Each structure stands twice: as structure tokens, then as C-alpha cells.
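Listed here are the chains, written in short residue letters.
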Amino acid sequence: MLIWWLVALVVPFGIAGLVGAPYVPILRRDYEPLLDLADLKPGQTLVDLGSGDGRLLAAAARRGVKGIGYEINPFVYAVSLVITWRYRRLVRVYLGDFWRTPLPVCDAVYVFLIDRLMPKLDRKLTAEITTPTPVISFVFQIPGRRSSRHNRNAYRYDYGTAPMASK
């Protein structure tokens with residue numbers, strides 16, 4: 001019986017790691033600098049691809065920013081529902097694979113993926129973003145693009161405009 005519980009717990013984390021990135025929570029000290037890079041005003045919308053435990057969406061909601069999150073791991077998704085419950089008028093989190101979901105209209109996109117998936121992300125964003133939209137990538141850079149701004153561990157890319165080649 002214990003083995004089935006272990007499988008039930010391990011499989012969702014494994015799938016999430018293969019499809020996107022393993023669940024690694026960002027530190028509380030990083031929320032505000034990440035949101036500052038997006039430069040969102042109250043009432044604007046942030047989409048979090050692989051929203052994890054929802055803490056970044058909750059931090060955005062405290063600023064009056066609407067949030068839409070996508071999380072593939074059902075356990076982490078359940079945690080995010082609890083964490084964002086207080087902000088349910090501003091935040092929606094969906095259980096699902098963001099790769100298979102068209103991006104909703106938004107004012108900024110946040111992502112914390114792994115290096116090997118960044119080219120795939122660039123193709124998705126290039127195909128789906130048609131109006132100027134900042135994309136904030138935590139830790140990993142998007143190959144072939146130059147960030148318009150950055151801080152110590154995140155990069156801002158401006159999509160929906162002509163691509164900016166890297167040096």
C-alpha cells in the first residue's frame with residue numbers, strides 16, 4: 001500500500017519536471033523585484049506559466065494586479081488554491097499544461113523554466129504574443145534574445161515587437 005502512495009506522489013512531480021520544470025519555490029525576497037521588472041499597474045494582468053504554489057500570484061494581487069496561473073502538478077496546484085484563496089477575486093489558477101493552452105490576453109508573462117525548454121518557450125511566445133508584452137524569466141535567459149532589463153536573477157524580454165537579437 002505504501003508503494004502506491006509513493007507512486008501517486010512521485011508521478012505528478014516527475015511529469016511536471018519532464019513537461020516543464022520541477023517545482024522549486026522562489027524565495028520571498030524575489031517576489032517584489034520580479035514584479036518590479038514587469039512594471040504592472042493595478043488592474044493589469046500577469047500570466048504565470050507553471051505557477052507553482054501561487055505565491056508570486058498572491059504577491060501580484062497584493063499590488064492590485066490580476067493573475068492567471070497554470071500548474072500541471074495537482075498537489076502543487078492544490079497548495080496554490082489555498083495560498084491564493086484570499087485573492088480569489090483577482091487570481092485564477094488552472095490545473096493544466098500551459099504548453100497546450102493558448103496564452104490569454106495579458107499585460108505581462110512570468111516564467112521559471114529550465115534552460116533546455118527556453119527555445120521552445122521562445123517559439124510559443126513569438127507565435128502567440130501579438131501586442132507589446134513583457135516576459136519575465138527567472139534565472140534562465142532566452143537564447144537569441146537580448147533582455148531589455150534585468151536584475152540580479154531575472155530577465156525582462158519585450159515580445160510583440162521585433163525580436164532583439166543577442167550580441
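Procedures and definitions
- Residues numbered from 1 in each chain as written.
- Predicted model: local features only at pLDDT ≥ 70, side-chain atom pairs only at ≥ 80, totals over all residues.
- Heavy atoms only, no water.
- Pairing = 2+ DSSP bridges.
- Helix = DSSP H or I, 4+ residues; strand = E, 2+ residues; numbered from the N terminus.
- Contact = heavy atoms within 4.5 Å.
- Axes fitted to C-alpha atoms, helices over the stretch in contact; angles between N-to-C directions.
- Core = buried A, V, L, I, M, F, W, Y, C linked by side-chain atoms within 4.5 Å.
- Buried < 20%, exposed > 50% of the residue type's maximum accessible area, 1.4 Å probe, protein only.

Engineer: Sorry, what's going on with the sheet that holds strand 6 (residues 149-150) here?
Structural biologist: The strands making up a sheet associate through hydrogen bonds between their backbones, and the pairing can be parallel or antiparallel. Pairing within the open sheet is mixed, and its seven strands lie in the order 3-2-1-4-5-7-6. Two strands bound the open sheet, and with one partner strand each, they are strand 3 (91-95) and strand 6. Summarising the sheet, strand 6 and strand 7 (residues 154-159) pair through two bridges and their orientation is antiparallel. Paired with His-150 across the strands is Tyr-155, a residue of strand 7. Across the sheet, helix 4 (residues 74-84) is in contact with strand 2 (66-71) and strand 3; its angle to strand 3 comes to roughly 165°. Here helix 5 (residues 118-128) sits on the sheet in contact with strand 1 (45-49), strand 4 (108-111), strand 5 (133-138) and strand 7, set at roughly 35° to strand 7.

Engineer: Sorry, what's going on with the nonpolar core here?
Structural biologist: Generally speaking, a soluble globular protein has its nonpolar side chains buried in company with each other. Counting residues in hydrophobic clusters, the biggest one holds 21 residues, and the most contacted among them are Leu-49, Leu-113, Leu-121 and Leu-125. Where this core is concerned, the elements lending two or more residues are strand 1, strand 2, strand 4, helix 5 and strand 7. Ranked by size, the runner-up nonpolar core spans 17 residues in total, among them Leu-40, Leu-56, Ala-108 and Tyr-110.

Engineer: Hey, could you run me through the pairing of strand 1 in this one?
Structural biologist: Counting buried residues along strand 1, five of its five residues qualify, which places the element largely inside the surrounding structure. Where strand 1 lies against strand 2, five bridges are found, and the strand directions are parallel. Paired with Val-47 across the bridge in strand 2 is Ile-68. For strand 1 and strand 4, the ladder comprises four bridges, and the chain directions are parallel. Note that in strand 4 the partner of Leu-49 across the bridge is Val-111.

Engineer: Would you mind going over the environment of Cys-106 with me for this structure?
Structural biologist: Along the chain, Cys-106 falls in the loop between strand 3 and strand 4. Setting aside its immediate chain neighbours within four residues, Cys-106 contacts Thr-45, Val-47 and Thr-133.

Just geometry here; none of it tells us what the structure is for.
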